[in-house]
Amino acid sequence: MADASAPASTEVLRLAGVRKSFGVGTPREVEVLHGVDLVLQRGEFCALIGPSGSGKSTMLNLIGLLDRPTAGTLFIEGQDTRTLDDAALTRLRGRNIGFVFQHHHLIGAFTAAENVMMPLLLDRRRPDAAMRRIAEGLLDRVGLLPWKDSRVGNLSGGQQQRVAIARALAMYPPLVLADEPTGNLDTKSADGVFDLLREMNQTSRTTFLIVTHDPRLAQRCDRIIEVVDGRIVADGAVPAPRRIAAS
Amino acid sequence: MRNWLPFEWIAAIRFLRDGWMQTIFILAGVSMGVAVIVFMSALLTGIQANFLNRVLSAQAHLVLLPPDEVARPLRAMDGVIQDAVVQRPSQRIRSIDQWQTVLRQMQAMPEVAVATPVAAGGALAVRGEASRSITLTGVEPEGYFRIVKLPETIVAGQPRLTSEDIVIGTDLAVELGVGVGDKLRVTTATGRDATLTVTGLFDLGNRGVNERSTFVALRTAQSLLGLTGGVTSLQVSLHDPYAAEIMAQLAHGMAGIRADSWIRTNIQFFTAVNAQQTSNTVIRLSVGLSVALGIASVLVVSVVQRSREIGILRAMGARRGQILRVFLIQGGVLGLLGSIIGSAAGVGALVAWHASVRQADGSALFPLMIQPQLFVVTAVVASLTGVLAAMAPALRAARLDPVVAIRG
Ligand SMILES: Nc1ncnc2c1ncn2[C@@H]1O[C@H](COP(=O)(O)OP(=O)(O)O)[C@@H](O)[C@H]1O
Ligand SMILES: [Mg+2]
């Protein structure tokens, strides 16, 4: 392979001894993550699997800087996030992390193109022509350019999830987090959305961390991380032949 | 999306448009409140201004008079009151001491616009068999007519006042059967009399006044009333009519002067205005409060409805301040739009009302007074009210925990 001789690919994310408790200081205090260590490299395409309630969403929220760990450290692009205030976390999140949720979560008052533009608009405050071009380019890549001016409420579930993927990529973030992105879709749409994520990963070298319940889809990733009861119990590369067999 | 608008404005306007039912209902509510306030304020201003205008064109702001003659109880040597029944002496016609000096002092004050002497007293107007008791007012026309706009009320002849002239009201003219150019004999209690020529007839819009009031030259009145060289009052108009009370106290400080301000003589009007203004303020405050509560409740609902979207926006990099402003702007826009629609509705109602309500003779009840500053103030106050009302919902939106919002 061409990059076998290249230096080790750079680190996008590092979790060291990350713990998360809910209800701290109350009688109902409960620790959900018990010391998680994890490193993701640039361009990795990872599945995060595990039984329901094992802490996958909690982990994604911490990585996405939507929540803070109770203990441990979390680095995004080499930056320690422990000392950052809310405004700095928001900026870091907006520029480095894209989100895709199970329920598409588009903003209904805006069109498809405007939804894709939203992260750029929030970052640069006022809309401009460059933003529009980026949004339309991304919509084109997810095959929805003809729907760019449609209200998102008028799109199908699969189409909405494609818009959400385009939106997650608007800032060209190094890391995209997807929490059960195909959980709500029929098999055919789910395959389409998954293929799209894969394609985005390969063309833009964006790191993906995808929570999924679907073993078939997990097998199509490069790496599978398994969480049980708030601990990583397995973490390994998917052998290439299995990957091919799955697809 | 307009290119020049920042995110907060774009999102605020989109959210308002997206929830158009709520927006229309609350706009209707805000507009109605504003319309009531505009209508009421303009009406009150019009009525007050009309009254003041009428009063101030027929009356001096300040009238300086000789002091009352005070009766003192009769006391014996040991201080015991012997005759407790004290009678006020009858007020005979008296002149102001040193009135020329007082007049000059008044005229020298920067607050004073015009100060002019008047000699007035009762008299009898006789024409053939008919006679009527009248009030004889002797004036210096150049000064007096700048205070009381008598020339504007002349309906026949002219307001000329040489020593042989008299200007009378239309009703007196009818009762005595005289017209312009006719002679009239005027006699007074002092036994003096004079034959004067009627040079003008006025109509001051009040039958009693038109029957009793007459105007002659100052000197003529002085000689008829036996006031040689004296005057009974000094009439003063001020640059600021509302300074009248203070000026009255000032004038009172000058020895031997009693001063009546127009505010004092129209005290009932001012009491009524104050009561009206108090109730007006109470109404404004309650309308403003209910408008604010309406806006706040609509936005609270909107925040709850959009909490998921707010969480997503936060995940995509929206700062707390941006979310806060999205909702503050919605409040402000609702207030502003409501005030524009409401002002238009209020003015429309006022114009319609003004056109339909007429006096017996078909003339308007009062002049329509629509001051532009009322709308500017209304718009600013309504927008601020909207922003303030949006504060609680906006803070709630800004403080939403994105994790909870997205999961919820
Ligand atoms: N805000 C919270 N307060 C209390 N417990 C929570 C909270 N969020 C998640 N949990 C608990 O943490 C555990 C892990 O939840 P989650 O991360 O959603 O699991 P998964 O996504 O793997 O299904 C669950 O037992 C859940 O009940
Ligand atoms: Mg989950």
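From a predicted model like this one, the values you see are computed outputs, not experimental measurements.

Engineer: Where do I start with the site of ligand 1 in this structure?
Structural biologist: Lining the immediate surroundings of ligand 1 are F22(A), V32(A), P51(A), S52(A), G53(A), S54(A), G55(A), K56(A), S57(A), T58(A) and R407(B). Near ligand 1, the surrounding residues are drawn from chains A and B. One nitrogen or oxygen atom from the main chain of K56(A) is found 2.8 Å from an oxygen atom belonging to ligand 1. For ligand 1, an oxygen atom lies 2.5 Å from a polar atom in the side chain of T58(A). In the complex, 61% of the free accessible area of ligand 1, which totals 560 Å², lies under the protein chains. When residues of the shell around ligand 1 are assigned to their parent elements, the largest contribution, 3 residues, is made by helix α1 (residues 56–63) of chain A. Classifying every residue of the shell around ligand 1 by side-chain character gives 3 nonpolar, 6 polar and 2 charged.

Engineer: I keep staring at the environment of F7(B) and nothing clicks. Help me out?
Structural biologist: Along the chain, the position of F7(B) falls in helix α1 (residues 7–18). In this structure F7(B) comes out as buried when scored by relative accessible area, which is 1%. When the C-alpha atoms of F7(B) and V301(B) are compared, they prove to be 22 Å apart, with 294 residues separating the residues in sequence. Not counting residues within four places of it along the chain, the set of residues in contact with F7(B) comprises M118(A), L121(A), L122(A), R125(A), L313(B), Q322(B) and V326(B).

Engineer: Help me understand the layout of surface pockets in this model?
Structural biologist: To locate leftover empty space, one rolls a probe as large as a water molecule over the atoms. All names here are of chain B. As a volume, the largest pocket reaches approximately 1,000 Å³. Of all the secondary structure elements, the ones that give two or more residues to the lining of the largest pocket are α2 (20–56), β1 (62–65), β4 (112–127), β5 (130–139), β10 (213–217) and β11 (233–238). A total of 4 residues in the lining of the largest pocket trace back to one element, the largest contributor, which is α2. Residue composition of the lining of the largest pocket, grouped by class: 13 nonpolar, 15 polar and 4 charged. Here the lining of the largest pocket spans two domains, since at least three of its residues come from each of domain 1 (7–55 + 269–407) and domain 2 (99–256).

Engineer: What should I look at first to understand the sheet that holds strand β10 (residues 231–237) of chain A in this one?
Structural biologist: Sheets are built from strands that pair by backbone hydrogen bonding, the pairs being arranged parallel or antiparallel. Residues and elements named next belong to chain A. With mixed pairing, 6 strands are arranged side by side in an open sheet as β6-β7-β8-β3-β9-β10. Two strands in the sheet have a free side with no partner beyond their single neighbour: β6 (97–100) and β10. When the angles between neighbouring strand axes are averaged without regard to direction, this sheet yields 15°. Sheet topology note: the strand β3 (residues 45–49)/strand β8 (residues 207–211) ladder contains 4 bridges and is parallel. What sits directly across from C46, in β8, is L209. Against the sheet, α1 makes contact with β3, β6, β7 (175–179), β8, β9 (223–228) and β10, and its axis sits at roughly 150° relative to β7, the strand it touches most. The strands that helix α5 (residues 157–168) touches are β6 and β7; relative to β6, the one it contacts most, it runs at about 170°.

Engineer: Got a minute to help me understand the interface of chain A and chain B in this structure?
Structural biologist: Buried accessible area, meaning the area lost when the parts come together, often serves as the stated size of an interface. With 30 residues of chain A at the interface, the matching set in chain B holds 29 residues. Across the chain A/chain B interface, buried area totals approximately 2,800 Å², and carbon plus sulfur atoms make up 60% of it. The largest per-residue losses of area from chain A upon contact with chain B belong to H105(A), L122(A) and R125(A), which jointly make up 23% of the total buried on that side. Joining chain A to chain B, the criterion identifies 5 salt bridges. Between E114(A) and R14(B) there is a salt bridge, with its nearest N and O atoms 2.7 Å apart. Here chain A is connected to chain B by 10 residue pairs in polar contact (both at pLDDT 80 or more).

Engineer: Mind showing me how you'd approach unusual backbone geometry here?
Structural biologist: Note: most residues except glycine have negative phi, and most peptide bonds are trans. One non-glycine residue with positive phi stands out, namely R125(A), at about 75°. Considering the arrangement of structural elements, one finds R125(A) in the loop between α3 (112–124) and α4 (129–141). Phi at Q98(B) is positive, roughly 55°, even though this residue is not glycine. Of note, Q98(B) is situated in the loop between β3 (81–83) and α3 (99–108).

Engineer: Where do I start with the confidence of the model for chain A in this structure?
Structural biologist: Averaged over chain A, the pLDDT score is 89; the fraction of residues at 70 or greater is 93%. Within the model, the stretch residues 1–7 of chain A combines pLDDT values under 50 with 0 contacts to residues more than four positions away or in other chains.

What counts and what doesn't
- Residues numbered from 1 in each chain as written.
- Chains lettered and ligands numbered in written order.
- Predicted model: local features only at pLDDT ≥ 70, side-chain atom pairs only at ≥ 80, totals over all residues.
- Heavy atoms only, no water.
- Near = heavy atom within 4 Å.
- Polar contact = N/O pair within 3.5 Å; in protein donor to acceptor, adjacent residues only side chain to side chain.
- Areas by Shrake-Rupley, 256 points an atom, 1.4 Å probe, with all protein chains shown as cover.
- Helix = DSSP H or I, 4+ residues; strand = E, 2+ residues; numbered from the N terminus.
- Nonpolar A, V, L, I, M, F, W, Y, C, P; charged D, E, K, R; others polar.
- Buried < 20%, exposed > 50% of the residue type's maximum accessible area, 1.4 Å probe, protein only.
- Contact = heavy atoms within 4.5 Å.
- 1 Å grid on protein atoms, 1.4 Å probe; cavity = no way out; pocket = protein on both sides within 12 Å on 5 of 7 lines; lining within 4 Å.
- Points joined across faces, edges and corners; volume = space filled by probe spheres on them.
- Domains from an automatic or database assignment.
- Pairing = 2+ DSSP bridges.
- Axes fitted to C-alpha atoms, helices over the stretch in contact; angles between N-to-C directions.
- Buried area = accessible area lost by both parts, 1.4 Å probe.
- Salt bridge = Lys/Arg side-chain N within 4 Å of Asp/Glu carboxyl O.
- pLDDT = per-residue confidence, 0-100.

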